[in-house]
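One letter stands for each residue in the lines below.
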Amino acid sequence: MALTPVPAALRALLDSVPGPTPVETLPLARCAWRVLGADIAALRTQPPFANSAMDGYAVRADDLAQGTELRVIGESAAGRSFAGTLSAGEAVRIFTGAPIPEGADTILIQENADGVGSAAITVREGAPKGKFVRKAGLDFSDGDRLLATGTRLDSAALGLSAAAGHPALPVRRKPLVAILATGDELVLPGEPVGPDQIVASNSFALAALVEQAGGSVLDLGIARDDHADLAARIGQAREAGADVLVTLGGASVGAHDLVQEALKRAGMDLGFWKIAMRPGKPMMTGRLGPMVAIGLPGNPVSSIVCGHLFVVPVIEALLGVPSPERDRSEPGLLGRDMPANDEREDYLRSSLVLTEAGWEATPFERQDSSMLGPGAGDPPRLRAGRPQGRSLPLHPVALGSDRRIRLRNTTRTGMVFVICFESATTGRFQSAGGDHADTQTVRTASFHPGAPARKRRPPLLRRDEKSGIHRLIMALEERGFIRRLPNRARALEVIKLPDGAGGGLQPGARRFNPSVVQGGLGKDAPPAKDGLPGRARPVEAAPEDARNTIAIPVMGRIAAGTPISAIQSRSHSVALPADMLGSGEHFALEVRGDSMVEAGILDGDTVVIRRQDTANTGDIIVALIDDEEATLKRLRKRGSSIALEAANPAYETRVLGPDRVKIQGRLVNLMRRY
C-alpha cells in the first residue's frame, strides 16, 4: 500500500467525522474552555448609562475657562448617582464609574482643579467637551452579536458573556475519547515491572492532550495481545457511546500486532494505515458505526506526534471549531542544516530559542521515537545577552521552504518538532546569520508542538544557591570591582569593570556612565521659573567643599509613567560640581521604581537632565506622552515611530508616533545618597 501524505490523511480523517456533538446548556461558572454551540448576542447595553472614566468633577465644557470658580452642588458615585440637574457655574463631585448628571458634558479631573473637597473649586486647566465621559453603549448594545458559534470560551469570552447578561451558555458536549493501550509488555506506573516489561506512558500523554483540546477521556486500560481481550474493550467503548476510539500500539504488521485485525472483526471500515511521516508511519483510521477509530503507533514520541496532527483536529471538528485543518503557524528560523531524507516527513524534536531574528529551532542529535527525555517540558530560552525574566509563550512549530520555520499554535506546552520534507528548492534563504544572496539548496520543513530549551553547559554559580552568590560577591569585592553601600540593604556599586569589558558594543552604540556624588546633595537655590526647569543658578554662598557648584532645581519625582503635573513644580535644589554639567539648562528628578535598573539607575537616585527637545537613538531621555504623562526611558527610533524602552525586561517597550512624544531633556548624570 502506498504511503498517504499527511495533509491528505488529515483531510480524509476529518471527512469521516460524523458532525459536531449535541449542544447542552451549562451555568456560566461551568463553561470555562468549553466551545459555544450557538451565537451569543447581548441581552443588555453596556454601559447602560453615560459614566465617568476618572475621579473629578462633572461640569459643562463652557464653564472651563482657566481660573473660573465653580460651585459644588452634590456628589455622584458608583451605585449612588446625583439626582439633580447641573446648571451654568456648577459642578458635581464624581467618581470613576458614576453616572454623568443631567446637564454635564465633561469631566474635569481632580488634578486640574484647586480646592478639591471644598464647596467651590477653581479650574486650573480646562478640558474639551466630552473628555473622560464614557457614553452609554460604548462597549456593546442590546442585541449586538458578541461571540460566534465555535468560539472557545477563555477568560475574556466568559467575562464578556457575563457582562452581556447571560447566566448560562449553549456549549457543545465534550467529545468522549476512549483510549486503549495494548501489549503484553505494558504495566501501569507503580505496578511491579517484570524483566521483559515496560511502564505504560502513552495513555497518560494522550489523555492530557485530549483534555487540553476540549474532550473527555474514557480510559479502557491495557489490553493484552489477545483477540478476545481486545474485542471486549472495544465493546466497552461502543457501549459508553464514545465519539472516538484511540488505540495505542499494535497497529503495525508484526505477528503480535493484532489491533488492526481486531478492529476489522468489530466491523471497522479501514480508511488508511500507513502515513508518509516519521515517526508515526504505522497509523490507521476508520469508522465503527458513528465512532471514529484511530490506531496510533506504540512508541511514545510517535503517538504524541500523531496525537497533535490527527487526534486534536478530530476533537475540534466534533466541537464545531472552525477550520480544524487550518495552518496553525507563525514565522521562525531553522537553527542548523538538515541532511536529505526520503518521501516521508521527518518530525525531529528540537530546542527553541528566541534570537534577535526571531524564534530559532535546532533539532536534537538523538531522535529515537522511544525516548521521551529529549526536550520534554523545558521552557524556550533567550540567547545569551538578551534580557531574561519575562515569560515567553510556548508554541509548536513548522518550517517553510526558505529555512523559515512556522511556529504552531496547537498547544502551549510540550515538545517542539521540526518536520522535514523530501522536496527542495534553490534561491535566497533566511538563516540566523542573516539574508544570504548566494544560491543554496534549501530543504522544505515544518514544525510541531511545544518548546524545550537549547542544551547548555551548566552555570558555574546557580542563581538559586545563596552560597554561590555570596562567594561571587566576596570575590568581586576583594578584587575591587564592587563595594557594598552602607545603610542600604543588599545594595552594591560597581567601581570598575574588568579590562576589555563592554568592548563588544556594536559600532555607534551609546553607553551611559554616571558620575555618582556621595554625601549631602547641597543647599536650596533660588526658585526656577514656572513650569519645566529653567537655567540653573550658582549658589551664592557655597561651603568650602562645594565652591565650584551649581544649584540644580529638583522638579519632582519620575517613574515608568508619571502624571505631567509631578514634574512641573520645583520642590528643592541640589548642588553639583560645575564640571559635571557643562553648558545648557539643567534640572533634576527623583527616580521612583526599577524601570531603568539595568542602566544603573536605582530607586531613590536623582537624575540630572540637560534640557533639550531632540536626542539620539540610545539616549536616556525624559519625555512627555500625549502631554499627560512623563517618563524616563531610553530612546529608540524605529522608522517614523519612536520607541521608549525601559532597562528592565519586566516593562514593555512603548512604540508611539512622533506627534505623541515631546522630548524634555537628556540624562547627563545622576546622584545617589549614601
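Everything in this summary refers to the structure shown in the same document. What you are looking at is a predicted structure, and each value in this text was computed from that prediction instead of being measured.

**Some words on the sheet that holds strand E5 (residues 69-76)**
Here 6 strands make up an open sheet; going across it, the order is E7-E4-E6-E5-E9-E8 and the pairing mixed. Either end of the sheet is taken by a strand with one partner, and the two such strands are strand E7 (106-109) and strand E8 (113-114). With 4 bridges connecting them, strand E4 (residues 56-59) and E7 associate as antiparallel partners. Counted as the bridge partner of Gly-56 is Ile-109 from E7.

**Focus on the nonpolar core**
Membership of the largest hydrophobic core comes to 38 residues, with the highest contact counts inside it found for Met-277, Ile-294, Leu-296 and Phe-310. Contributing elements (two or more residues each) for this core: helix H1 (6-15), strand E13 (176-182), helix H3 (202-213), strand E17 (244-248), strand E21 (291-296) and helix H6 (300-319). Ranked by residues supplied to this core, first place goes to H6 with 12 residues. The residues touching Phe-310, leaving out its near neighbours within four places in the chain, are Val-6, Ala-9, Leu-10, Leu-13, Ile-275, Met-277 and Met-283. Membership of the second largest hydrophobic core comes to 20 residues, among which are Leu-220, Ile-234, Leu-258 and Leu-288.

**Thoughts on H3**
If you check H3, its first and last C-alpha atoms are 17 Å apart, about what 12 residues at 1.5 Å a residue would give, namely 16 Å. Here H3 has its buried residues at Asn-202, Ser-203, Leu-206, Ala-207, Leu-209, Val-210 and Ala-213. What you see down the axis of H3 is that its buried residues fit within an arc of 165°, all on one side. Contacts from the buried residues of H3 go to E13, strand E16 (216-223), E17, E21 and H6. Once H3 finishes, Gly-214 follows within two positions and takes phi at roughly 110°, a positive value.

**Looking at the side chain of His-166**
Residue position: His-166 is located in the loop between helix H2 (155-163) and strand E12 (168-172). Ignoring any residue separated from it by four or fewer positions in sequence, one finds His-166 in contact with Leu-28, Ile-40, Ala-41, Leu-43 and Ser-161.

**Considering helix H4 (residues 227-239)**
Counted at 1.5 Å a residue, the expected span for H4 with its 13 residues is 18 Å, and the 18 Å between its end C-alpha atoms agrees. Buried residues along H4 sit in contact with E13, E16, E17, helix H5 (259-265), strand E20 (284-288) and E21. A distance of 3.0 Å separates the backbone nitrogen of Ala-228 from a side-chain oxygen at the start of H4, and that oxygen is part of Asp-226. At the exit of H4 stands Gly-241, carrying a positive phi of roughly 70°.

**Side note on the sheet that holds strand E18 (residues 269-272)**
Pairing is mixed in the open sheet, where 6 strands are placed in the order E16-E13-E17-E21-E20-E18. Strand pairing shows two members of the sheet lacking a second neighbour, E16 and E18, which therefore form its edges. This sheet shows a mean twist of 20° between the axes of neighbouring strands, independent of strand direction. Where E13 lies against E17, 5 bridges are found, and the strand directions are parallel. Bridged to Val-177 within E17 is Val-244. Relative to E18, H1 is tilted by about 150°, and along the sheet it contacts E18, E20 and E21. Strands in contact with H4 are E13, E16, E17, E20 and E21; relative to E16, the strand with the most contacts, it is inclined by about 170°.

Conventions used here
Residues numbered from 1 in each chain as written. Predicted model: local features only at pLDDT ≥ 70, side-chain atom pairs only at ≥ 80, totals over all residues. Heavy atoms only, no water. Pairing = 2+ DSSP bridges. Helix = DSSP H or I, 4+ residues; strand = E, 2+ residues; numbered from the N terminus. Core = buried A, V, L, I, M, F, W, Y, C linked by side-chain atoms within 4.5 Å. Buried < 20%, exposed > 50% of the residue type's maximum accessible area, 1.4 Å probe, protein only. Contact = heavy atoms within 4.5 Å. Expected span 1.5 Å × (residues − 1). Arc of directions from axis to C-beta. Polar contact = N/O pair within 3.5 Å; in protein donor to acceptor, adjacent residues only side chain to side chain. Axes fitted to C-alpha atoms, helices over the stretch in contact; angles between N-to-C directions.

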